[in-house]
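As a plain string of letters, each chain reads:
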Amino acid sequence: MALFGKPACSCGVGHAGLVCAPGDDPVDTAVVRAVFGGTPSRRRMLRALGTGTAMAALSQVFPLAAAREAFAQAPGPLEKKAVKIGFIPITCATPIIMAEPMGFYARQGLEAEVIKTAGWAIIRDKSINKEYDAAHMLAPMPIAISIGAGSNPVPWTVPAIENINGQAITLATKHKDRRDPKDWKGFKLAVPFDYSMHNYLLRYYLAEHGIDPDQDVQIRAVPPPEMVANLRAENIDGFLGPDPMNQRAVYDGVGFIHILSKDIWDGHPCCAFGASREFVTGAPNTFHALLRAIVEATGYASRAENRKQIAEAIAPPNYLNQPQTVLEQILTGTFADGLGKIQRVPDRVNFAPYPWESFAIWILTQMKRWGQVKTDIDYAAIARQVFLATDAGNAMEKAGMARPVGTTKTFVIMGKTFDPATPEAYLNSFPIRRG
Amino acid sequence: MSGRIADLKAVMLSLLLFALFLGAWHLAVTGSGTAANVDPEYARLMGAAAMQGTSAMPGPVDIAVRLADLLAHPFYDRGPNDKGIGIQLAYSLGRVLLGFGLAVTLAIPLGFVIGTSPLLHKALDPFIQILKPISPLAWMPLALYTIRDSGKSAIFVIFICSVWPLLLNTAFGVASVRREWLNVARTLEVSRLRLAFRVILPAAAPTIMTGLRISIGIAWLVIVAAEMLVGGTGIGYFVWNQWNNLSIADVIIAILLIGLVGMALDQILGWIGRRLGYQE
């Protein structure tokens with residue numbers, strides 16, 4: 001990979017533009033070549049018809065979708081057995097982590113090593129440097145890496161989402177009587193990373209309450225492990241952070257849980273399983289085995305009756321390094337809230353692998369809303385390139401899970417409906433935004 | 001005789017100060033112990049620090065217990081993210097010796113050249129003065145970006161931070177060899193190579209040794225910061241991993257071990273320096 005490479009399409013096949021024309025898909029090209037034989041005549045035909053038209057015409061006589069499917073599912077020998085997967089020690093990574101001690105990787109013939117990593121910037125750099133084959137990332141990170149926001153553009157993918165919900169706004173105990181966000185002017189709040197759902201959800205929540213997240217409060221990126229220490233030292237007033245940090249702040253008597261992220265947007269994605277497009281196309285069998293392991297682990301984690309056993313598996317120092325009771329409270333949803341009450345919210349965190357393209361589109365609207373992306377973008381195309389809904393759907397079917405219908409859906413965030421078909425209109429409907 | 005008594009007095013005073021420190025520490029962290037009056041089911045979900053009014057800061061007894069625990073199995077290996085304290089220290093020492101070794105192989109010959117040429121010394125001085133005070137944490141993103149390997153980046157950062165004091169000290173030592181000795185050598189028509197190895201190097205050795213001691217101290221300082229950033233293995237990773245768990249006892253133990261190893265490295269170089277020293 002050149003140090004200063006041009007933005008390239010994430011399909012891994014060299015051609016101009018950020019997004020493939022249909023004919024650029026390696027399977028499609030192979031089919032065209034098989035049907036029309038020699039290269040010159042194929043080129044002539046494509047020039048005459050345009051690739052898209054040619055593919056459309058061809059799909060009338062050749063079951064192209066089936067060919068793509070067959071290609072994606074072709075069982076073959078693993079290109080490599082030993083894979084390295086980076087993770088950040090938070091409960092969002094539960095499926096990635098538990099798949100190691102509970103044997104989900106081994107069942108696919110993989111010798112996977114899950115490696116604890118110190119921060120999001122490091123996990124991004126180690127992934128781009130190919131020290132990791134795949135990694136736990138915040139859902140917006142593969143999008144940011146693909147379009148080159150905050151790093152050089154490298155085609156990245158989200159083959160599966162890890163968790164939905166499972167975050168919270170935690171405030172220092174001294175603020176327990178200031179529960180209305182309108183009273184938070186001057187607060188210093190932390191999020192794990194600039195390109196995180198946490199950042200976008202906190203900004204969304206504040207803005208809906210009339211607080212400008214750039215003018216009225218200070219939002220800074222603090223690595224999750226440092227959040228509780230900073231809250232104790234009164235460096236910050238609160239954070240929208242991943243668990244176990246919210247529950248840990250309660251456990252240590254430092255803060256209380258103000259609101260679960262589920263009450264801002266029920267079913268929001270948080271962390272993702274990320275892999276480079278190069279790995280996806282370069283080692284397809286290994287990739288699909290890995291994806292099956294992750295999807296199966298995610299399905300297993302989504303069942304409430306398995307949660308206690310999972311908490312036990314991921315608590316030791318090799319994985320999350322947290323007291324087991326803290327993890328149990330998070331995963332079972334029966335938890336102390338830091339205000340003297342026991343709350344019972346079974347879907348405080350849940351696990352669902354399907355990477356809805358509408359998630360990516362929403363993330364892009366927020367990246368644009370807060371000035372992280374300044375140019376015009378093709379929302380749907382980027383979402384389709386980065387979020388591999390088809391692959392995840394196939395793996396879910398194989399694992400005996402129900403395949404979701406479609407690749408986009410609408411959802412409601414704090415009473416406001418998001419329609420993935422009209423991202424620009426959605427973006428312009430917010431009174432508080434940058435640019 | 002009186003010297004030995006003074007030494008003994010100093011040791012006694014050291015021990016007394018240490019005992020006082022431990023005593024004050026123990027008293028400071030012993031909490032009031034009044035448990036808050038809450039629902040027992042709620043209390044079961046909370047940590048001891050939050051519920052029993054004890055301090056979150058461990059006392060000296062907690063540290064001793066935990067230290068004995070860690071030292072009982074220093075070399076266990078329970079996967080890539082959980083290894084014994086002995087293995088972690090060995091990884092850190094390995095990285096430091098590599099980075100420091102690189103610094104030595106570059107800085108001593110280069111310092112020698114700079115020291116013998118006042119022109120080069122003046123020309124390079126501004127660069128050295130700018131590069132010298134840069135923190136290892138500032139180098140790390142650049143190293144990761146260009147070297148594209150976290151292990152090598154950590155070693156590079158140790159190298160780049162520990163090379164400057166050694167370079168400056170070598171140059172200074174070489175530049176301040178006494179004129180008369182050089183003149184005598186010249187009168188005796190000693191060859192340039194022989195002049196370098198038999199006159200200048202021995203004369204500059206004490207200054208170079210001081211440079212080495214400063215450099216290894218810096219290398220050891222840098223390793224903790226570098227490993228906290230790149231993670232994986234090493235005593236810096238150990239500190240980070242335990243901080244993640246808010247386990248202050250382990251962090252204090254790591255601080256203690258880092259100090260002891262740093263002192264040992266310094267003493268070893270000091271001992272070599274005394275062997276190389278000479279009396280005029």
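Up top you'll find the structure we're talking about.
Residues numbered from 1 in each chain as written. Chains lettered and ligands numbered in written order. Predicted model: local features only at pLDDT ≥ 70, side-chain atom pairs only at ≥ 80, totals over all residues. Heavy atoms only, no water.

A. Examining the overall build of chain B more closely. If you tally the helices and strands in chain B, you get 12 helices and zero strands. Along its sequence from the N terminus, chain B presents helices and strands in the succession α-α-α-α-α-α-α-α-α-α-α-α. Here the contacts in chain B between residues at least 6 apart in sequence split such that 68% fall between residues at least 24 apart. For chain B, the exposed area adds up to about 15,600 Å²; of that, 70% sits on carbon and sulfur atoms. (Helix = DSSP H or I, 4+ residues; strand = E, 2+ residues; numbered from the N terminus. Contact = heavy atoms within 4.5 Å. Areas by Shrake-Rupley, 256 points an atom, 1.4 Å probe, with all protein chains shown as cover.)

B. Representation of the pairing of strand β1 (residues 82–87) of chain A in the model. Residue and element names in this part refer to chain A. Across six bridges, β1 lies against strand β2 (residues 111–116) in parallel orientation. In the sheet register, Ile85 faces β2, and the bridge partner there is Val114. Where β1 lies against strand β3 (residues 134–138), two bridges are found, and the strand directions are parallel. Within β3, the position partnered with Gly86 by the bridge is Ala135. (Pairing = 2+ DSSP bridges.)

C. Geometry of the side chain of Thr365 of chain A. By secondary structure assignment, the location of Thr365 of chain A is in helix α16 (residues 357–369). Apart from the residues within four sequence positions on either side, Thr365 of chain A is in contact with Tyr379, Phe418, Pro423, Tyr426 and Leu427 of chain A.

D. Layout of the packing of helix α10 (residues 192–230) of chain B against helix α12 (residues 248–276) of chain B. All names here are of chain B. Where α10 contacts α12, the axes come no closer than 9 Å and their chain directions differ by 165 degrees. Taken as axis vectors, α10 and α12 run roughly antiparallel relative to one another. Every pair of crossing elements has a handedness; the one defined by α10 and α12 is right-handed. Here Met209, Leu212, Arg213, Ile216, Trp220 and Val224 of α10 lie close against α12, whose contacting residues are Ile258, Val261, Gly262, Leu265, Asp266, Leu269, Gly270, Ile272, Gly273 and Leu276. Taken together, the residues of the contact of α10 with α12 sort by class into 11 nonpolar, three polar and two charged. (Axes fitted to C-alpha atoms, helices over the stretch in contact; angles between N-to-C directions. Parallel < 35°, antiparallel > 145°, perpendicular 65-115°, else oblique. Left-handed = near helix turned anticlockwise from the far one by under 90°. Nonpolar A, V, L, I, M, F, W, Y, C, P; charged D, E, K, R; others polar.)

E. Looking closely at the packing of aromatic side chains. The full count for this structure, using the stated rule, is 19 aromatic pairs over all chains. Geometrically, the ring pair formed by Phe411 of chain A and Phe418 of chain A is stacked, given 5.1 Å between the ring centres and 25 degrees between the ring planes. The residue whose ring lies beneath Arg78 of chain B is Tyr76 of chain B, and the NZ or CZ to ring-centre distance is 3.9 Å. (Phe/Tyr/Trp six-rings, centres within 6.5 Å; stacked < 30°, edge-to-face > 60°. Lys NZ or Arg CZ within 6 Å of the ring centre and 35° of its normal.)

F. The interface of chain A and chain B, seen in detail. On the chain B side, the residues contacting the 45 residues of chain A number 31 residues. Each partner contributes to the roughly 3,300 Å² buried at the junction of chain A and chain B, and carbon and sulfur atoms together form 53% of this total. Across the chain A-chain B interface, the total number found is zero salt bridges. Along the contact surface separating chain A from chain B lie 16 residue pairs in polar contact (both at pLDDT 80 or more). Mapped onto the side of chain A that touches chain B, the elements with two or more residues apiece are β2, α7 (120–128), α10 (224–232), α11 (245–251), α15 (324–332), β12 (334–336) and β13 (342–344) of chain A. (Buried area = accessible area lost by both parts, 1.4 Å probe. Salt bridge = Lys/Arg side-chain N within 4 Å of Asp/Glu carboxyl O. Polar contact = N/O pair within 3.5 Å; in protein donor to acceptor, adjacent residues only side chain to side chain.)

G. View of the nonpolar core. Core analysis: the biggest nonpolar cluster contains 121 residues, and Tyr105 and Trp362 of chain A have the highest contact counts within it. Looking at which element gives the most residues to this core, the answer is helix α13 (residues 284–301) of chain A, with nine residues. For Tyr105 of chain A, the contacting residues outside a window of four places in its chain are Ile85, Ile96, Ala99, Glu100, Leu110, Ala112, Val114, Leu290, Ala293 and Ile294 of chain A. Of all hydrophobic cores here, the second largest spans 64 residues; its members include Ile114, Ile200, Phe238 and Ile253 of chain B. (Core = buried A, V, L, I, M, F, W, Y, C linked by side-chain atoms within 4.5 Å. Buried < 20%, exposed > 50% of the residue type's maximum accessible area, 1.4 Å probe, protein only.)

H. View of the sheet that holds strand β8 (residues 218–221) of chain A. Residues and elements named next belong to chain A. If you walk across this open sheet you meet the five strands as β8-β7-β9-β6-β10, and the pairing is mixed. Two strands bound the open sheet, and with one partner strand each, they are β8 and β10 (255–260). Direction aside, neighbouring strands of the sheet carry axes that sit 25 degrees apart on average. The pairing of strand β6 (residues 167–172) with strand β9 (residues 238–242) spans five bridges and is antiparallel. Residue pairing in the sheet places Leu171 in a bridge with Gly238 of β9. Here α10 sits on the sheet in contact with β6, β7 (188–191), β9 and β10, set at roughly 155 degrees to β9.

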